[in-house]
Amino acid sequence: MDQNTVVELVKPDPAAPGEGWREGDVWLAGGTFLLSLPLPQIRRFRDLSELGWTPVEVNDAGLEIAATCKVSELMAYQPDPGWAAGPLLHDCVRAFLASFKVWNGQTVGGNICTSIPAGPMTTMACALDADYLLISPDGSERTVPAIDFVTGNNVNILRPGELMRKLTISAAALNRRYALRRFSLTKAGRSSVFLVGTRDPESGEFLLTVSAATIHPFHIRDAGVPSAAALLDMLAEIPDDKYFDDPNGRPDHRKHMTDLFAEEIRSELAN
Amino acid sequence: MSISVNGHDFSNEPAPGQCLRTFLRDLGHFGVKKGCDMGDCGACTVHIDGDAYHSCITPASRALGHEVTTVEGLADGEELHPVQEQFLRAPGFQCGFCTAGMIMSTTAMTDEQRQDLDHSLRGSLCRCTGYRQIHDAINGVDNTEDSDAIAPGDGVGASPYAIAGRGIVTGHEEYTLDTNREGTVHLKVVRSPYAHAKALRIDTTQAKASSGVLAVYTWEDVPDKYFTTAIHEDHLVDPKDTRVLDRIARFKGQPMVAVVAETIAEAEAGCRAVEIEWEVLPAVFTAQDAILPGAPAIHRGNPDPFIRHPDRNVLLDLNIGRGDVEAGFEEADVIHEAEYRTPRVAHAHLETHGTIAWEEDGIMNVRTSTQSPFIARQKLGFLFDIQDANLRVFTKRVGGAFGGKQDVLSEPLCILAARDLHRPVQWEFTREEEFTGGVVRHPFTIKVKLGAKRDGTLTAMQMDTLADTGAYGNHGGEVLGCSLVAMNWYRCRNKRYDGQMVYTNNVPSGGMRGYGSAQPTFAMEQAMDELSAELGIDPIEMRRKNCIRPGDNLAVGTHAEEFQLRSYGLPQCLDYVEEKLKQGNGVPKPEGPEWAEGIGFAIGMADTSPPTEHRSGASVHLELDGTYRINVGTVEQGNGTVTTHLQMAATVLNTTMDQFSIVNGDTSKNMWDTGAFASQGMYVSGKAVTLAATGLLDYIQTYAAAKFGGVKEDVEVRATEVSVNGRTISLAELAQLADEEDGQQLQYSQRAYGSPISAGWNVHGVRLAVNQVTGEIAILQEVHAVDAGTVINPQQLRGQIEGGVMQGIGWTLTEWLQQGPDGEILNPNIRMYRMPNYADAPRIDVHFVDVDVSKEAGPFGAKGMAESPINPVAPAVANAVADATGVRFRCLPLTPPLIYKELNEAYQASNG
């Protein structure tokens with residue numbers, strides 16, 4: 001829809017994109033979220049589309065995905081077949097409620113910064129223990145773990161004017177085995193529960209990411225694959241009021257499905 | 001930088017916050033539709049450099065320097081793109097509003113994507129078809145015939161594709177707002193943030209001073225009159241409880257102030273500048289609370305005697321019965337009694353409400369998205385003191401309605417402003433306004449009590465309903481009256497109905513497919529299964545034993561003398577569904593012990609015409625060029641009436657459909673037509689067309705016999721010719737002769753009415769599996785048998801039934817307008833409302849049963865079928881779920897969280 005309160009489309013300087021940030025500014029990536037609901041408080045779009053960031057880059061550290069990488073670009077990217085967790089990238093794209101037509105516009109960073117519980121790029125990043133590089137308007141940078149970024153439904157740790165530059169996924173994370181379970185109330189609908197478990201081939205470390213079911217993602221990490229009872233105990237530490245209540249799911253059912261899926265993932269990764 | 005659209009360069013600069021959809025429409029590319037406006041429905045899909053995008057969520061600036069293709073640019077001249085051809089011939093549409101987007105999405109898919117439509121049709125919603133037609137279109141299945149390939153006189157029973165089809169698949173068919181009228185200004189409203197409040201002071205000073213604002217209207221500027229927004233032939237069947245703008249807000253979302261400005265952006269800014277000082281009043285949100293002593297009386301003091309108890313929020317109560325139910329229950333060996341509830345749901349037609357009004361040569365023209373131009377004219381004329389002759393209300397093609405456009409919502413304010421400003425005024429509802437300020441299905445609470453002898457004979461039936469009309473009484477009375485119907489298809493000497501329709505501070509309820517009968521059918525058809533189970537009798541046998549038959553009195557609330565079973569296909573419907581469910585369809589239940597399989601079915605009977613009057617007048621003209629023209633007032637909203645009218649007229653006049661043009665939906669060009677609702681587009685308007693065509697045939701024969709000698713019975717009218725007395729001349733010559741030599745125009749008009757009334761039947765059967773751990777339902781098989789009398793256009797009727805069933809599936813499984821504690825709608829958009837997607841749509845085995853048709857009732861013996869297919873779906877599914885799990889669900893929707901919770905509780909209870 002039109003955002004009729006927007007009076008200017010700012011083309012930021014790639015060298016200092018946050019310069020001149022003021023109240024009423026928003027970062028415009030794909031626009032697929034910003035044009036999807038009334039936002040009468042916004043005045044300027046700061047257009048990220050021409051900053052020229054390489055969408056996907058593989059280097060010694062692992063995999064870097066630019067915040068402006070389109071979801072369709074991520075879907076077109078073929079990860080190294082040697083990475084056991086490589087297919088998870090595409091699994092997470094397929095978890096979108098959004099259509100392939102949306103993927104052509106929307107970006108990975110945009111989905112993460114929208115910070116809805118069902119955001120599959122958040123699930124992907126958390127499951128792969130990614131780090132986010134954030135740039136503040138004065139140009140200073142900070143790196144945060146993906147799991148700490150989203151703090152509630154549509155809430156995250158971004159400060160005014162701060163910008164997500166990229167996410168970095170280590171090669172070690174990409175080498176982990178994984179198992180996932182997803183549930184939605186309609187067949188191709190928005191996730192009401194999305195769980196991904198991974199296991200390190202060398203250390204045996206187990207990491208379970210609980211997302212969509214809760215208002216922000218949770219990590220359950222153990223040195224090895226826990227017992228069913230131990231896993232349930234760890235899941236019980238997620239407070240009941242963190243289970244999300246919205247038209248796509250009810251907290252009691254989400255908790256039930258989380259426990260159920262967690263156990264399925266646990267036994268799959270235990271073998 | 002310029003933008004190329006369909007090969008033409010435009011140098012227009014988009015506004016900084018503009019989306020591509022409005023930018024393209026401003027340039028005149030009206031094939032780009034607005035459905036959801038947030039990237040969920042796909043109606044606005046276009047290609048940029050060959051890739052598909054939802055243009056509503058694509059910044060227009062992103063298309064600068066690129067090649068945009070809209071549906072209008074797809075065909076190569078007159079040669080349709082293959083996908084357009086496929087959508088034309090499947091056909092892949094009913095109202096056609098989603099079609100451009102469907103076509104643009106399909107043409108952008110890879111072969112692999114076309115093999116996986118469950119995923120690749122996400123973001124492509126159709127509310128009419130139920131998706132089988134879309135599937136057929138994408139896969140190149142041709143279910144139709146070229147109209148000129150159908151032999152003269154063989155129109156009825158054939159499946160020609162829609163006459164508007166070519167316009168629809170090319171994006172050129174005009175819908176309500178597909179026009180850029182010179183000088184048009186835009187209207188927006190300030191809606192109440194409170195469910196119940198009084199505007200103590202409305203300060204419009206800032207708004208009036210706001211840039212581009214031309215006028216601001218409040219309750220002080222509108223006619224000092226009460227009316228009802230509901231569209232019915234008889235205006236006395238609804239209360240006068242509504243003002244165009246009111247000082248009292250009775251639901252959250254009620255329009256309070258209208259702002260008109262040069263642009264939508266300026267009108268929105270004007271709305272934000274309005275300041276209202278409120279006195280917030282206590283509010284009630286359930287019918288149960290609204291009738292408690294001390295509840296705020298929402299329409300206290302309204303003098304309309306129609307409102308039964310304004311001090312107690314009771315719009316209407318009905319207490320009807322026959323026999324003695326108490327005695328009947330005494331006589332019973334088994335009594336079943338339970339309470340059922342149905343939720344508030346939305347129509348979600350893809351075209352939102354919209355109106356353009358302008359004055360021209362002393363006539364107020366109203367181009368609007370309505371199901372009834374004539375009754376809209378009556379209401380608007382009353383409000384604004386305009387005579388019929390000076391008020392023209394008309395439709396273009398309407399992009400879906402389902403009863404949602406059986407209210408006058410967007411029209412009055414446009415007329416008010418157009419008269420004041422002498423400019424064309426347009427108001428287009430946003431998608432959110434559809435949910436918060438449109439109309440919804442009435443929520444019902446229904447108690448059913450049934451008594452039967454051991455052998456299954458019913459001894460007493462009792463229903464007690466409490467329904468929520470919302471803040472206004474539009475449709476409340478008629479919907480309550482229609483809820484009686486669920487008692488009518490069972491023979492029982494003792495019947496008792498008590499019902500109340502109650503005001504609350506919710507968004508107003510309105511007319512919706514299955515008008516007042518879908519809700520009680522959900523209750524009655526489950527109750528009958530439950531009673532059968534208690535008796536140990538097979539539920540189908542229970543129906544066979546107790547359902548009405550020809551000759552039975554259908555009473556409780558209807559006029560038995562005009563309402564009779566003139567043809568009767570229920571037994572065949574039951575047989576078909578029973579047999580098919582027994583046979584299965586080869587789809588196994590998912591693997592695993594957690595999946596439990598069950599079957600269920602339910603019946604719905606629909607009167608072929610409503611008890612209140614419904615009438616239509618049609619004329620058929622033989623033009624001087626030898627073609628025919630039909631004039632009929634009904635509206636085309638995807639129900640396909642225009643095509644069936646041509647089929648019937650062509651059959652009567654022994655010619656082909658391509659010999660016809662049709663003019664419809666316009667008060668200035670047509671005779672009175674009550675409107676396209678209550679499934680009357682075929683039954684009444686079609687009857688008028690058929691009678692007029694019959695009259696014209698007689699006229700032509702009589703004239704030709706008189707002119708050329710012979711008797712009229714020997715005059716043969718066929719194709720484009722008339723043969724008489726050994727001589728054959730063209731119809732064109734005949735028409736010219738009549739005109740030139742005798743001053744006669746060969747035309748005939750005829751009015752038609754809903755009476756006499758018959759009944760159509762729907763029986764729905766379903767086999768499904770319930771995952772007892774997750775609460776999921778997997779539908780494995782759906783069978784739907786129909787007695788529609790004579791089927792005029794099998795392909796079209798099949799589509800109507802599939803679409804109705806799919807809306808039933810939505811109502812049963814996923815759809816639900818959720819509400820917060822202060823009356824706020826929590827999911828007022830397509831994304832969160834969750835209407836069925838392609839992936840949710842099961843294949844439905846639709847079967848028309850052969851019946852001895854009664855031509856006394858509908859045209860050619862046809863019975864209307866637009867609405868009633870929805871009615872038996874929810875109870876059939878609920879019966880199947882109960883069969884599978886042993887747990888009875890008496891409310892909707894049957895979502896996994898609900899099923900999980902109830903099964904879990906039942907399991908805990910049975911384990912102590």
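Residues numbered from 1 in each chain as written. Chains lettered and ligands numbered in written order. Predicted model: local features only at pLDDT ≥ 70, side-chain atom pairs only at ≥ 80, totals over all residues. Heavy atoms only, no water.

A. The arrangement of the overall build of chain A in detail. Along its length, chain A carries eight helices and 14 strands. A globule of 271 residues ought to have a C-alpha radius of gyration of about 18 Å, and chain A, at 19 Å, matches this closely. Taking the principal axes of its C-alpha atoms as reference, chain A extends roughly 55 × 45 × 30 Å. As displayed, chain A has an accessible area near 10200 Å², and 51% of this comes from carbon and sulfur atoms. Distance between charge centroids for chain A: 5 Å, based on 25 positive and 35 negative side chains. (Helix = DSSP H or I, 4+ residues; strand = E, 2+ residues; numbered from the N terminus. Rg over C-alpha atoms; globule rule 2.2 N^0.38 Å. Areas by Shrake-Rupley, 256 points an atom, 1.4 Å probe, with all protein chains shown as cover. Lys, Arg positive; Asp, Glu negative; His and termini not counted. Charge placed at Lys NZ, Arg CZ, Asp CG, Glu CD.)

B. Local environment of the overall build of chain B. Per the secondary structure count, chain B includes 26 helices and 31 strands. A compact globule built from 912 residues would reach a C-alpha radius of gyration of about 29 Å, and chain B, at 28 Å, matches this within 12%. Dimensions of chain B along its principal axes, counting C-alpha atoms only, are 80 × 80 × 60 Å. Sorting the 912 residues of chain B into buried and exposed places 66% on the buried side. Counted over contacts in chain B with a minimum sequence separation of 6, partners at least 24 positions apart contribute 79%. As displayed, chain B has an accessible area near 30200 Å², and 46% of this comes from carbon and sulfur atoms. (Buried < 20%, exposed > 50% of the residue type's maximum accessible area, 1.4 Å probe, protein only. Contact = heavy atoms within 4.5 Å.)

C. Molecular detail of the packing of aromatic side chains. Residue and element names in this part refer to chain B. Enumeration according to the criterion identifies 14 aromatic pairs over all chains in this entry. Ring centres 5.3 Å apart and planes at 50 degrees place the aromatic pair Phe-435 and Tyr-833 in the tilted group. One end of the pair, Phe-435, is in helix H14 (residues 431-437); the other, Tyr-833, is in helix H24 (residues 830-833), and 398 residues separate them in sequence. By relative accessible area, Phe-435 is classed as buried at 2%. (Phe/Tyr/Trp six-rings, centres within 6.5 Å; stacked < 30°, edge-to-face > 60°.)

D. Up close: the side chain of B:Gln647. Residue and element names in this part refer to chain B. Within the fold, Gln-647 resides in helix H19 (residues 641-652). Given a relative accessible area of 0%, Gln-647 falls into the buried group. There is a polar contact of 2.9 Å between the side chain of Gln-647 and the side chain of Asn-793. (Polar contact = N/O pair within 3.5 Å; in protein donor to acceptor, adjacent residues only side chain to side chain.)

E. How the structure looks around the side chain of A:Lys101. Looking at the secondary structure, you find A:Lys101 in helix H3 (residues 100-103). Look at A:Lys101: it is buried, it has no salt bridge, and the nearest opposite charge is B:Asp40 at 9.9 Å. In this structure the side chain of A:Lys101 is engaged in a polar contact, spanning 2.7 Å, whose partner is the side chain of B:Ser105. In this view, A:Lys101 contacts B:Gly42, B:Thr45, B:Ala52, B:Tyr53, B:His54, B:Ser105, B:Arg122, B:Gly123 and B:Ser124; residues no more than four positions away in its chain are not counted. (Salt bridge = Lys/Arg side-chain N within 4 Å of Asp/Glu carboxyl O.)

F. Main features of the sheet that holds strand S4 (residues 51-54) of chain B. All names here are of chain B. Reading across from one edge, S2-S1-S5-S3-S4 is the order of the five strands in this open sheet, with mixed pairing throughout. Since the sheet does not close on itself, it has two edges, and those belong to strand S2 (8-10) and S4, each with one partner. Going across the sheet, the axis of each strand differs from the next one's by a mean of 35 degrees, ignoring polarity. Here three bridges tie strand S1 (residues 3-5) to S2, and the two strands are oriented antiparallel to one another. Along S2, the bridge assignment pairs Ile-3 with Phe-10. Taken strand by strand, helix H3 (residues 99-107) contacts strand S3 (45-48), S4 and strand S5 (67-69), and its axis lies near 35 degrees from that of S3. (Pairing = 2+ DSSP bridges. Axes fitted to C-alpha atoms, helices over the stretch in contact; angles between N-to-C directions.)

G. How the structure looks around the pattern of salt bridges. One pass over the full model with this rule turns up 66 salt bridges over all chains. A single network of salt bridges, built from pairs that share partners, joins A:Asp129, A:Arg176, A:Asp200, A:Glu205 and A:Arg221.

H. Highlighting the domain arrangement of chain B. Residues and elements named next belong to chain B. Taken domain by domain, chain B comprises domain 1 (3-170), domain 2 (538-547 + 567-606 + 755-912) and domain 3 (615-753). Using only C-alpha atoms to locate each centre, domain 2 and domain 3 end up separated by 40 Å. Contact with domain 2, which involves 18 residues of that partner, is made by 17 residues of domain 3. With both sides pooled, the region where domain 2 packs onto domain 3 buries about 1300 Å², and carbon together with sulfur makes up 59% of that total. Contact with domain 3 buries area across many residues of domain 2, yet Ile-792, Pro-859 and Phe-860 alone supply 38% of it, more than any other trio. Run the count over domain 2 and domain 3 and you get zero salt bridges. Counting across the domain 2 and domain 3 interface gives eight residue pairs in polar contact (both at pLDDT 80 or more). For the side of domain 2 that touches domain 3, a count of residues per class yields nine nonpolar, seven polar and two charged. (Domains from an automatic or database assignment. Buried area = accessible area lost by both parts, 1.4 Å probe. Nonpolar A, V, L, I, M, F, W, Y, C, P; charged D, E, K, R; others polar.)

I. Summary view of the environment of B:Ser532. Residues and elements named next belong to chain B. Along the polypeptide, Ser-532 turns up in helix H16 (residues 518-535). Measuring from C-alpha to C-alpha, the distance between Ser-532 and Arg-454 comes to 10.0 Å, with 78 residues separating the pair along the chain. When residues no more than four places from it in sequence are discounted, the contact partners of Ser-532 are Ile-537, Pro-539, Met-542 and Arg-543. Within the local environment of Ser-532, its side chain forms a polar contact with the backbone oxygen of Met-528, the two atoms lying 2.7 Å apart.

J. The arrangement of the pairing of strand S13 (residues 334-342) of chain B in detail. Residues and elements named next belong to chain B. Alternating residues of S13 divide into Val-334, His-336, Ala-338, Tyr-340 and Thr-342, all buried, and Ile-335, Glu-337, Glu-339 and Arg-341, none buried. Relative to strand S18 (residues 444-452), S13 is paired through nine bridges, and the arrangement is antiparallel. Bridging across to S18, Glu-337 finds its partner in Lys-449.

K. The arrangement of a negative patch on the surface in detail. A cluster of acidic side chains, namely B:Asp9, B:Asp49, B:Asp51 and B:Glu67, defines a negative patch on the protein surface. Summarising the element assignment, B:Asp9 is placed in strand S2. (Patch = residues over 30% accessible without salt bridge, like charges linked within 9 Å, V, L, I, M, F, W, Y side chains within 5 Å.)

L. Quick look at unusual backbone geometry. At the junction of B:Ser755 and B:Pro756, the peptide bond is cis and its omega measures out at 0 degrees in the coordinates. With respect to the helices, strands and loops of the structure, B:Pro756 is situated in the loop between strand S28 (747-753) and strand S29 (759-771). A cis amide bond links B:Leu892 with the next residue in sequence, B:Pro893, at an omega value of -10 degrees. Along the chain, B:Pro893 turns up in the loop between helix H25 (873-885) and helix H26 (896-910). Here the phi dihedral of A:Ala212 falls at roughly 65 degrees; this positive angle occurs in a residue that is not glycine. Mapped onto the secondary structure, A:Ala212 falls in the loop between strand S13 (206-211) and strand S14 (218-222). Relative accessible area serves as the criterion here: at 2%, A:Ala212 is assigned to the buried category. Even without being glycine, B:Ala678 reaches a positive phi, approximately 60 degrees. In this structure, B:Ala678 sits in the loop between strand S24 (660-664) and helix H20 (680-683).

M. Structural view of the interface of chain B and chain A. Each partner contributes residues to the interface: chain B has 51 residues there, and chain A has 48 residues. In terms of surface lost to chain A, no three residues of chain B exceed B:Pro16, B:Arg62 and B:Arg122, which account for 17% of the buried area on that side. Linking chain B with chain A are one salt bridge. Ionic pairing is found between B:Arg62 and A:Asp47, a salt bridge with its closest N-O pair at 2.7 Å. Listing elements by their share of the side of chain B that touches chain A, those giving two or more residues are S4, helix H5 (117-120), helix H9 (264-272), H24 and H26 of chain B. Among the residues making up the side of chain B that touches chain A, the classes are represented as 20 nonpolar, 18 polar and 13 charged.

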